[in-house]
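Observations on the three-dimensional arrangement
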Amino acid sequence: MIRKPVQLRNLCSVIQHTESSKPRNFFALHVKALAICDCEDGDAQHLATILTVLKACRNVKILVLWNPGQRTQDRSTGANALRSFVTSSELSPRQISILKSLFPEKLVRFSYPIFQYATHVDLVWELEDNPGQPGFIPVDWSTLQHLPRLTHLSVYFGPGDTMDECSQWVKETIGLCPSSLQVFIVWLSESYLLVSTPQYAGFKAIDEGEVDVRAVVAHMPEGVGGIRLGSISRSDEDIIRDFAGIPIGKDLWTLAEEQIEERRLRKALQVRGLSIFVERRDPHYL
């Protein structure tokens, strides 16, 4: 995991020096997972360094791109070059967690080639990336249908999001996903865990499996005194390790799968119990 700009520069240096002693595709052949997180140094050289690393490690199966020092409003040459590469066919990870601002200015589409082989997709919002803010990038959720291999999807909602009808949105969005979808995780801000917020009832319905059995609520544990749902709680470090493929214990995808399986089992037992009750009340039962 790359957590600091100096780590990124060191990796880039290794790549550049290795090119003279090993085959040009050495890193493409051997690096299977890459996580670039929390690198806040956003100058042109830094963005060029990220691009160099991505090009060298273009065959990664697991890719995490968070806070690469480039913001939603950044339209510099370096930022645009990074966006062009990210949306090209050069990258085709099986699992991807990516910042929404890394996509072109007007719209995020799941039809970009980077998603073509993805089974696990996590789309991350920046705190300032909210409707009404400069540079806000909408998402074309209808393009989820272009992901025939998609089994696990995760999306974020911050304090500024305006989806009061979140439960309805989740139901509609799952309807846009391919039939292969098994898990849909909704990440929420701690402020939504307060009963007084209009979003709480919707999230509670999602959390209890009433919207769709595959939809699960997740949040980070840093609290503001909110009422806890029965959802998945993961720290920043847990989340990064989960998406990078190096979890400590069970990752969030596994935790979500177990919660969904418990729902299915509970529902099956309830149906079975009702069936037995009806049989015993039937006058023809004896």
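All of the points below concern the structure found in this document. Keep in mind that this is a model prediction, so the values were computed, not measured.

**Examining a positive patch on the surface**
A cluster of like positive charges, contributed by Lys-32, Lys-61, Arg-94 and Arg-149, occupies part of the molecular surface. Tracing the sequence through the fold places Arg-94 in the loop between helix H4 (77–86) and strand E3 (95–99).

**Considerations on the packing of helix H1 (residues 5–18) against helix H3 (residues 44–56)**
Closest axis-to-axis distance for the H1/H3 pair is 9 Å, and the angle between their directions is 50 degrees. Viewed along their axes, H1 and H3 adopt a mutual orientation that is oblique. Between H1 and H3 lies a crossing whose hand is left-handed. Contacts from Pro-5, Leu-8, Arg-9, Leu-11, Cys-12, Ile-15 and Gln-16 of H1 reach H3 at His-46, Thr-49, Ile-50, Thr-52, Val-53 and Ala-56. Class assignment for the residues of the contact of H1 with H3 results in eight nonpolar, four polar and one charged.

**Observations concerning the nonpolar core**
Generally speaking, a soluble globular protein has its nonpolar side chains buried in company with each other. Counting 80 residues, the largest nonpolar core has Ile-114 and Val-170 as the members making the most contacts within it. Contacts of Ile-114, omitting those with residues within four sequence positions, involve Leu-63, Val-86, Ser-88, Leu-91, Ser-92, Pro-93, Ile-96, Ile-98 and Phe-103.

**Considering the side chain of Ser-88**
Counting through the fold element by element, Ser-88 comes out in the loop between H4 and E3. Within polar-contact distance, the side chain of Ser-88 engages the backbone oxygen of Phe-85 at 2.7 Å. Among the polar contacts listed, one links the side chain of Ser-88 to the backbone nitrogen of Glu-90, at a separation of 3.2 Å. Setting aside chain neighbours within four positions, we find Ser-88 in contact with Pro-113 and Ile-114.

**Quick look at H3**
The terminal C-alpha atoms of H3, which comprises 13 residues, lie 19 Å apart, in line with the 18 Å expected from a rise of 1.5 Å per residue. Burial in H3 covers these residues: His-46, Leu-47, Thr-49, Ile-50, Leu-51, Val-53, Leu-54 and Ala-56. On its buried face, H3 is in contact with H1, helix H2 (26–30), strand E1 (33–36), strand E2 (62–65) and H4.

**Regarding the packing of aromatic side chains**
Taken as a whole and assessed by the stated rule, the structure comprises 10 aromatic pairs. Summarising the aromatic geometry, the rings of Phe-110 and Phe-115 are spaced 5.3 Å apart at their centres and angled 55 degrees between planes, so their arrangement reads as tilted. The residues Phe-110 and Phe-115 share a single accessibility class, namely buried. Chaining the aromatic ring pairs together yields one cluster made of Phe-103, Phe-110, Tyr-112, Phe-115, Trp-141, Trp-169 and Phe-184.

**Things to note about H1**
Each full turn of the α-helix corresponds to 3.6 residues, which orients residues three or four apart in the same direction. Its 14 residues place the ends of H1 20 Å apart at the C-alpha level, agreeing with the 20 Å of an ideal helix rising 1.5 Å per residue. What H1 keeps buried is the set Pro-5, Leu-8, Cys-12, Ile-15 and Thr-18. Buried residues along H1 cover an arc of 155 degrees about the axis, so they all sit on one side. Looking at the buried residues of H1, the elements they touch are H2, E1 and H3.

**Considering the pattern of salt bridges**
This structure, assessed with the given rule, holds five salt bridges. Residue Glu-237 is joined to Arg-3 by a salt bridge in which the shortest nitrogen-to-oxygen separation is 2.9 Å. Here the residue Glu-237 occupies a position in helix H7 (residues 236–244), and Arg-3 occupies one in the segment before H1, the gap between them amounting to 234 residues.

**Digging into the side chain of Thr-87**
In this structure, Thr-87 sits in the loop between H4 and E3. Within the local environment of Thr-87, its side chain forms a polar contact with the backbone oxygen of Ser-84, the two atoms lying 3.3 Å apart. With residues near it in sequence (within four places) discarded, Thr-87 still touches Phe-103, Pro-104, Tyr-112 and Pro-113.

**Notes on the packing of H3 against H4**
Contact geometry for H3 and H4: axes closest at 9 Å, N-to-C directions at 20 degrees. Between H3 and H4, the interaxial angle falls into the category roughly parallel. Every pair of crossing elements has a handedness; the one defined by H3 and H4 is left-handed. Across from Leu-47, Ile-50, Leu-51, Leu-54 and Lys-55 in H3, the residues of H4 making contact are Gly-78, Ala-79, Ala-81, Leu-82, Phe-85 and Val-86. Per-class residue counts for the contact of H3 with H4 are nine nonpolar, one polar and one charged.

What counts, and at which threshold
Residues numbered from 1 in each chain as written. Predicted model: local features only at pLDDT ≥ 70, side-chain atom pairs only at ≥ 80, totals over all residues. Heavy atoms only, no water. Patch = residues over 30% accessible without salt bridge, like charges linked within 9 Å, V, L, I, M, F, W, Y side chains within 5 Å. Areas by Shrake-Rupley, 256 points an atom, 1.4 Å probe, with all protein chains shown as cover. Salt bridge = Lys/Arg side-chain N within 4 Å of Asp/Glu carboxyl O. Lys, Arg positive; Asp, Glu negative; His and termini not counted. Charge placed at Lys NZ, Arg CZ, Asp CG, Glu CD. Helix = DSSP H or I, 4+ residues; strand = E, 2+ residues; numbered from the N terminus. Axes fitted to C-alpha atoms, helices over the stretch in contact; angles between N-to-C directions. Parallel < 35°, antiparallel > 145°, perpendicular 65-115°, else oblique. Left-handed = near helix turned anticlockwise from the far one by under 90°. Contact = heavy atoms within 4.5 Å. Nonpolar A, V, L, I, M, F, W, Y, C, P; charged D, E, K, R; others polar. Core = buried A, V, L, I, M, F, W, Y, C linked by side-chain atoms within 4.5 Å. Buried < 20%, exposed > 50% of the residue type's maximum accessible area, 1.4 Å probe, protein only. Polar contact = N/O pair within 3.5 Å; in protein donor to acceptor, adjacent residues only side chain to side chain. Expected span 1.5 Å × (residues − 1). Phe/Tyr/Trp six-rings, centres within 6.5 Å; stacked < 30°, edge-to-face > 60°. Arc of directions from axis to C-beta.

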